[in-house]
Amino acid sequence: MGDKEEVKLLGVWYSPYAIRPKIALRLKSVDYDYVEEDLFGSKSELLLKSNPVHKKVPVLLHNVKPIIESLNIVEYIDETWNSSGPSILPSDPHDRAIARFWSAFVDNKWFPALRAAAITKSEDAKAKGIEEVEGGLLRLDEAFVAISKGRSFFCGDVIGFMDICLGSFLVLLKAREKLKGEKLLDESKIPSLCKWADEFLSDDIVKNVVPEIDRVAKFLGELEAIAQSASRS
Amino acid sequence: MGVMNGSNNDEYVKLLGAWPSPFVLRTRIALNLKHVAYEYLEEEDNLNSESVLNYNPVHKQIPILIHGNKPIRESLNIVMYVDETWLSGPPILPSDPFDRAVARFWDVYIDEHCFTSINGVAISKDEEERKAAMAKLEQCMALLEETFQECSKGRGFFGGDNIGFIDIGFGSLLGPLKVLEKFTRVKFIHPDTTPGLFHWADRFYAHEAVKPVMPDIEKLVQFAKLKFDTSIFK
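Residues numbered from 1 in each chain as written. Chains lettered and ligands numbered in written order. Predicted model: local features only at pLDDT ≥ 70, side-chain atom pairs only at ≥ 80, totals over all residues. Heavy atoms only, no water.

*Asks:* Would you explain the interface of chain B and chain A in this entry?
*Replies:* Note on interface size: it is often stated as the accessible area lost on association of the parts. Listed as interface residues are 26 residues of chain B and, on the opposing side, 24 residues of chain A. Linking chain B to chain A there are five salt bridges. In this structure, E79 of chain A engages R104 of chain B in a salt bridge whose closest nitrogen and oxygen atoms are separated by 3.6 Å. Inspection of the region where chain B meets chain A yields eight residue pairs in polar contact (both at pLDDT 80 or more). Elements supplying a minimum of two residues to the side of chain B that touches chain A: β4 (70-73), α3 (75-85) and α4 (97-122) of chain B. Ranked by the residues each element gives to the side of chain B that touches chain A, the list is headed by α4 of chain B, at eleven residues. (Contact = heavy atoms within 4.5 Å. Salt bridge = Lys/Arg side-chain N within 4 Å of Asp/Glu carboxyl O. Polar contact = N/O pair within 3.5 Å; in protein donor to acceptor, adjacent residues only side chain to side chain. Helix = DSSP H or I, 4+ residues; strand = E, 2+ residues; numbered from the N terminus.)

Here you go:
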C-alpha cells in the first residue's frame, strides 16, 4: 500500500513568481494539481489559511503542509525530491552561495526597480529606473559569463536555480518590449544574457509552463488602462 | 588576532565586519557555533576600504566572509554557507526540508519586516511616523512569539535544544531592540505579552557562541545617538 503524495500549487497565470515552482516541479517529474487564484476578485479560503502572514501566491501544499515564497518553494522541491531529476541548486556550498546572492539581487534590487519604473507617473523617475534596470542586466550578463564558464545555463548544461529565478521574468520583459517598444534584452549590450534567454525560453519544460508573450502584453495593457483611468477620476 | 585554524577545512578564513552590525553578528555566531577559527577585520570606520569594495562591488556592504580566496556575501547566505561547509559542529538549519523552508521563511520575514520596522522607528521624523513603525514592530513581536511557541515545542530555542537559523536571525536584532526600548521607554519583548521570547532572549544572550561577540548595549546606545540624528535619540 503506497502513500499517495498530494502536491498542490496555488498561483496566478501571469505571475513570474508562480512560474518558478512549476518549472521546478516539472524538472523533478512531480505530478501536481494547479489551482488558479483570483487575486482581483477574492482569494480562496485555502490561500488565506495557507499563507496567513502574506496572503500571496505562489503557495505549495505538500500533503497539506504549506510552503511559501517562490525561491523557498524551489529549494524545498529540490531537497524533497532530491533523487529525481537534476539538482536545481549546485552541490558545492560556494556555488550555492553565489546562486543565492544573485537571486537575491534579482528579487530585491533588480525587479523592484523595474516595477517602480513601470508604475511611476514621473518621466524623470521612469528614465532613472530604466537606467537602473539596464545597469542590473549588465551586471547579470557579467555574472552569467563568469559563472557559466561557456555552458548554456548559469550552472551547467541543465536549467538550475539562477536560471529559474531570472528566467521567470523573461516573458514579462518581452511583453513590455511588445507593448512599449522598450528593448531591455538588447543583444548589442548584453549578448551572453540574450543568448541564455533564448536557450531558456526554448527549453522543453519552460516552453510548456510560461504564459504567451501576447497574452501577457494584452494583460499589461489592460492593467495600465485601469491605472490611468483611476488616476483621472 | 589571526589564529590559523584547526577546523576541518584547511583554507584561511577572514571576516570583514563592523561591530554595531546585527548582520555581522549573525555570521560571528555561526562561525563560533562551528568552532571555526577566523581572522576578524573591523571595517566600521572604513566601509569604503579597498577590501570591502574589492570583495563586494555590487553592494559595498559588510559582512563579507572570505574562505581561501572566495568571498561570500550577505549575512543569511554566509550563515547557510558556514552550516554547509563545516559539518562537524551542530547543524544550524534543520535537516527536514519542510522545517528548513519554515526557518528560511521566518528569517526573510525578520529582515523584511522586523528589521525594517526597527529602522523605521529609529529614523521616524515625527510622532505619527514613530507610532506607525512601533505598531508594526509590536505586530512582528506577536507573530514571532507564536512562531517561537510552535518551533521550540517547549524547548529552549527556535531551533529546539540548540541555537538554529531563526535564533541567529532574530537574536542578532536583540541589541537594536534594547536600544529602542531605552529611548522609547516601551518594552517590545515583555514577560506578559511575549513570555516565550522574553526568556528565550536571556538564554540566547548567555549562549557560549553568542556571549563573546554580542556588542555592549551602552556602546550601541552611543553609536545610535551618533548615527541617527532624529528626535527619538535626543
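*Asks:* I tried to follow the sheet that holds strand β3 (residues 59-62) of chain A on my own but got confused; where do I start?
*Replies:* As a general point, the strands of a sheet are linked pairwise by backbone hydrogen bonds and lie either parallel or antiparallel. Residues and elements named next belong to chain A. Strand order in this open sheet of four strands is β2-β1-β3-β4, and the pairing throughout is mixed. Edge positions in the open sheet fall to β2 (33-36) and β4 (65-68), since each of these has one partner strand only. Averaged over all pairs of adjacent strands, the angle between strand axes in this sheet comes to 20°, irrespective of strand direction. Looking at chain direction, β3 and β4 are connected through four bridges and run antiparallel. Paired with H62 across the bridge in β4 is K65. Those strands touched by helix α1 (residues 16-27) are β1 (7-11), β2 and β3, and its axis lies near 155° from that of β1. (Pairing = 2+ DSSP bridges. Axes fitted to C-alpha atoms, helices over the stretch in contact; angles between N-to-C directions.)

*Asks:* Help me understand the domain arrangement of chain A, please; the structure alone is not making it clear to me.
*Replies:* All names here are of chain A. Considered domain by domain, chain A is made up of domain 1 (7-80) and domain 2 (93-222). Here domain 1 and domain 2 have C-alpha centroids that lie 21 Å from each other. Taken together, the contacts link 15 residues of domain 1 with 22 residues of domain 2. Both sides of the domain 1 and domain 2 interface together cover about 1900 Å² of buried area, and 75% of this is carbon and sulfur. It is W13, R20 and I23 that lose the most area in domain 1 upon contact with domain 2, and together they represent 34% of the buried surface on that side. If you look at where domain 1 meets domain 2, you find two salt bridges. The partner of E75 in a salt bridge is R100, with the nearest N and O atoms 3.1 Å apart. Run the count over domain 1 and domain 2 and you get four residue pairs in polar contact (both at pLDDT 80 or more). If you list the elements that add at least two residues to the side of domain 1 that touches domain 2, you get α1 and α3 (70-80). (Domains from an automatic or database assignment. Buried area = accessible area lost by both parts, 1.4 Å probe.)

*Asks:* Is there a simple way to think about a nonpolar patch on the surface in this case?
*Replies:* Residues and elements named next belong to chain A. Together, F40, L223 and I226 make up a nonpolar patch on the protein surface, roughly 310 Å² of accessible area in all. Structurally, F40 is set in the loop between β2 and α2 (45-50). Relative accessible area serves as the criterion here: at 59%, F40 is assigned to the exposed category. (Patch = residues over 30% accessible without salt bridge, like charges linked within 9 Å, V, L, I, M, F, W, Y side chains within 5 Å. Areas by Shrake-Rupley, 256 points an atom, 1.4 Å probe, with all protein chains shown as cover. Buried < 20%, exposed > 50% of the residue type's maximum accessible area, 1.4 Å probe, protein only.)

*Asks:* In this structure, what is going on with the packing of aromatic side chains? I would like to understand it.
*Replies:* Each aromatic ring pair is described using two quantities: the centre-to-centre distance and the angle formed by the ring planes. All names here are of chain B. In total, this model carries 26 aromatic pairs over all chains according to the counting rule given. Judged by centre distance (6.4 Å) and plane angle (85°), the ring pair of Y81 and W86 falls under edge-to-face. Ring centres 5.2 Å apart and planes at 75° place the aromatic pair W106 and Y109 in the edge-to-face group. With a gap of three residues between them, W106 and Y109 both fall in helix α4, about one helical turn apart. Residues W106 and Y109 agree in their burial class; the two are buried. Through a chain of ring-to-ring contacts, the aromatic side chains of F148, F158, F170, W200 and F204 assemble into a single cluster. (Phe/Tyr/Trp six-rings, centres within 6.5 Å; stacked < 30°, edge-to-face > 60°.)

*Asks:* Quick question: what am I supposed to make of the UniProt feature "domain: GST C-terminal" (unreviewed entry) in chain B here?
*Replies:* In the numbering used here, UniProt assigns the "domain: GST C-terminal" (unreviewed entry) feature to residues 96-228 of chain B. Regarding residues 96-228 of chain B, the helix share stands at 70% and the strand share at 0%, and the terminal C-alpha atoms are separated by 42 Å. (UniProt positions renumbered as here; feature names shortened; annotations may be inferred.)

*Asks:* In this structure, what is going on with the pairing of β4 of chain B? I would like to understand it.
*Replies:* Each regular strand shows side chains that alternate between the opposite faces of the sheet. Residue and element names in this part refer to chain B. Sheet analysis places strand β3 (residues 64-67) next to β4, joined by four bridges and oriented antiparallel. Its bridge partner lying in β4, L65 is registered against I72. Linking two consecutive strands that pair antiparallel, namely β3 and β4, is a turn of two residues; a positive phi of about 70° is found at G68 within it.

*Asks:* So what exactly am I meant to see when it comes to the nonpolar core here?
*Replies:* Across soluble globular proteins, nonpolar side chains have a tendency to be buried as a group. Formed by 80 residues in total, the largest nonpolar core has its most connected members in I29, L65, M141, F170, L177 and W200 of chain B. Ranked by the residues each element gives to this core, the list is headed by α4 of chain B, at nine residues. Not counting residues up to four positions away in its chain, the partners in contact with F170 of chain B are I110, M141, L144, F158, L177, I189, L197 and W200 of chain B. In terms of nonpolar packing, the next biggest core, distinct from the first, is built from 69 residues, V30, I73, I147 and L172 of chain A among them. (Core = buried A, V, L, I, M, F, W, Y, C linked by side-chain atoms within 4.5 Å.)

*Asks:* What am I meant to see in the pattern of salt bridges here?
*Replies:* When charged atoms on two side chains of opposite charge get close, those side chains can pair. The full count for this structure, using the stated rule, is 20 salt bridges over all chains. Taking the shortest distance from any N to any O, the salt bridge between R100 of chain B and E79 of chain A comes out at 3.0 Å. Of this pair, R100 of chain B sits in helix α4 while E79 of chain A sits in helix α3, placing the two residues on different chains. The buried category is assigned to R100 of chain B, whose relative accessible area is 14%. Ionic pairing is found between R100 of chain A and E84 of chain B, a salt bridge with its closest N-O pair at 3.3 Å. Of this pair, R100 of chain A sits in helix α4 (residues 93-119) while E84 of chain B sits in helix α3, which puts the two residues in different chains. In this structure, R100 of chain A and E84 of chain B share a single accessibility class: buried. A single salt-bridge network, built from bridges that share partners, covers E75, E79, R96 and R100 of chain A together with E84, R100 and R104 of chain B.

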